[in-house]
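Descriptive analysis of the structure
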Amino acid sequence: FNNAVSSLFEESWFNTQIFYPYTRTLAWSDSFLLPSAAAWPFLKLGVPAALIYNLIMLAAGLLNGYLTWRLCFKLTGGFLSALLGGSAFMLFSGFSSNLGHPQLQFAFWLPALIESMLSFQRTPSFFLALRAGLCISLAYLCSAYFAIYSLLALCSFTAALALLRPSRFS
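A brief report on the enclosed structure follows. (Residues numbered from 1 in each chain as written. Predicted model: local features only at pLDDT ≥ 70, side-chain atom pairs only at ≥ 80, totals over all residues. Heavy atoms only, no water.)

**Some details on a nonpolar patch on the surface**
- Together, Leu51, Leu55, Leu58 and Leu62 make up an exposed nonpolar region whose accessible area comes to about 380 Å².
- Classification of leucine 51 as partly exposed rests on a relative accessible area of 42%. (Patch = residues over 30% accessible without salt bridge, like charges linked within 9 Å, V, L, I, M, F, W, Y side chains within 5 Å. Areas by Shrake-Rupley, 256 points an atom, 1.4 Å probe, with all protein chains shown as cover. Salt bridge = Lys/Arg side-chain N within 4 Å of Asp/Glu carboxyl O. Buried < 20%, exposed > 50% of the residue type's maximum accessible area, 1.4 Å probe, protein only.)

Laid out in C-alpha cells, this is it:
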C-alpha cells in the first residue's frame, strides 16, 4: 500500500507498483486500491497475504448478497423474496467463474447505489446524494467496471424518473 501511494506521485499516470510486474494498475479494470488499502493493516500485523486475499473475496461475496437483500427488501417488503434475491445474486455463477479477475467480485456497489437513489427519490437530502456519489467513487477504487455501470444506472434512473415523474424536477 505504501508503494502504491508513493508511486501515485512518482510514476507516470495510471502506473503504480501494486501488482508487480503488471503495470498500469490504475487503468480501466485494474483499480484495486480499496481492497489493497483494506489489506494493508493486516499485512503490517503479519497476517499471511493469502488469508487476507481470501477474506476480502469472502467479504465481497457476502456484501454482494447482503446489499442485494437490502435492496430487494426495500423494493418488495417481503423477507423471503429479498432473501431469495440476495442469495441468488451472492451465489451467481458468474462471480465464481471469474475468480481469476478479483475486481469483478465487487458488484455490491450497484445495489448500494440503487438503494441510495431510491431513498433519495423518496426523501431528497444531501446525505443520500453524498452516499450515492460515495458508492460510485468507492466502486471505482475497487473496479472501474462497476463504477461505469454505476454511472449508467444513475443516468438511467434519472432519465426514467424524469419521464415518469417530471414534477420531481420542478
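**Section: the packing of aromatic side chains**
- Tallied over the full model, the rule gives eight aromatic pairs.
- Residues tryptophan 69 and phenylalanine 79 carry aromatic rings whose centres are separated by 6.0 Å and whose planes lie at 75 degrees to one another, so their mutual orientation is edge-to-face. Taken together, the residues span a long stretch of sequence, with tryptophan 69 in helix H3 (residues 49–76) and phenylalanine 79 in helix H4 (residues 79–90) at a distance of ten residues.
- Their ring planes at 90 degrees and their centres at 5.3 Å tell us that phenylalanine 89 and phenylalanine 95 sit as a pair that is edge-to-face. (Phe/Tyr/Trp six-rings, centres within 6.5 Å; stacked < 30°, edge-to-face > 60°. Helix = DSSP H or I, 4+ residues; strand = E, 2+ residues; numbered from the N terminus.)

**Examining helix H7 (residues 126–142)**
- Over its 17 residues, H7 runs 24 Å from end to end, which matches the ideal 24 Å to within 8%, given 1.5 Å per residue.
- When we look at burial in H7, the residues that qualify are Leu128, Ala132, Cys135, Ile136, Ala139 and Cys142. Taken end-on, H7 shows its buried residues confined to a sector of 130 degrees, consistent with a single buried face. Relative to its buried face, H7 has exposed residues pointing more than 90 degrees away, namely Phe126 and Phe127.
- Check the buried side of H7 and you find it contacts helix H2 (33–44), helix H6 (109–122) and helix H8 (144–164). (Expected span 1.5 Å × (residues − 1). Arc of directions from axis to C-beta. Contact = heavy atoms within 4.5 Å.)

**Digging into the nonpolar core**
- Ranked by internal contacts, the top residues of the largest apolar core, which has 19 residues, are Ile56, Met57, Phe106, Phe108, Trp109, Leu113 and Cys135.
- Secondary-structure elements contributing two or more residues to this core are H3, H6 and H7.
- Here tryptophan 109 is in contact with Leu34, Cys135, Leu138, Ala139 and Cys142, once residues within four sequence places are set aside. (Core = buried A, V, L, I, M, F, W, Y, C linked by side-chain atoms within 4.5 Å.)

**A closer look at the environment of leucine 128**
- Summarising the element assignment, leucine 128 is placed in helix H7.
- What leucine 128 contacts, discounting residues up to four positions off in sequence, is Ser116, Ser119, Phe120 and Thr123.

**Notes on the pattern of salt bridges**
- If you walk through the whole model with that rule in mind, you get two salt bridges.
- Here glutamate 115 and arginine 70 are joined by a salt bridge, their closest N and O atoms 2.7 Å apart. Of this pair, glutamate 115 sits in helix H6 while arginine 70 sits in helix H3, and the two are 45 residues apart along the sequence.
- Of the residues examined, arginine 70 reaches a relative accessible area of 27% and is grouped as partly exposed.
- A salt bridge links glutamate 115 to lysine 74; the nearest nitrogen and oxygen atoms lie 4.0 Å apart. In this pair, glutamate 115 is assigned in helix H6 and lysine 74 in helix H3, connecting sequence segments 41 residues apart.
- A cluster of three or more residues bridged by salt bridges with shared partners is formed by Arg70, Lys74 and Glu115.

**With respect to the packing of H2 against H3**
- For the pair H2 and H3, the least separation of the axes is 10 Å and the interaxial angle reads 140 degrees. By the angle class used here, H2 and H3 are oblique. In this structure, H2 crosses over H3, and the sense of that crossing is right-handed. Between H2 and H3, the contacting residues are Pro35, Ala39, Phe42 and Leu43 on the first element and Ala49, Ile52 and Ile56 on the second. (Axes fitted to C-alpha atoms, helices over the stretch in contact; angles between N-to-C directions. Parallel < 35°, antiparallel > 145°, perpendicular 65-115°, else oblique. Left-handed = near helix turned anticlockwise from the far one by under 90°.)

**Observations regarding the side chain of serine 150**
- As for its placement among the helices and strands, serine 150 is situated in helix H8.
- Each residue touching serine 150, except ones within four places of it in the same chain, is listed here: Leu110, Leu113, Ile136 and Ala139.

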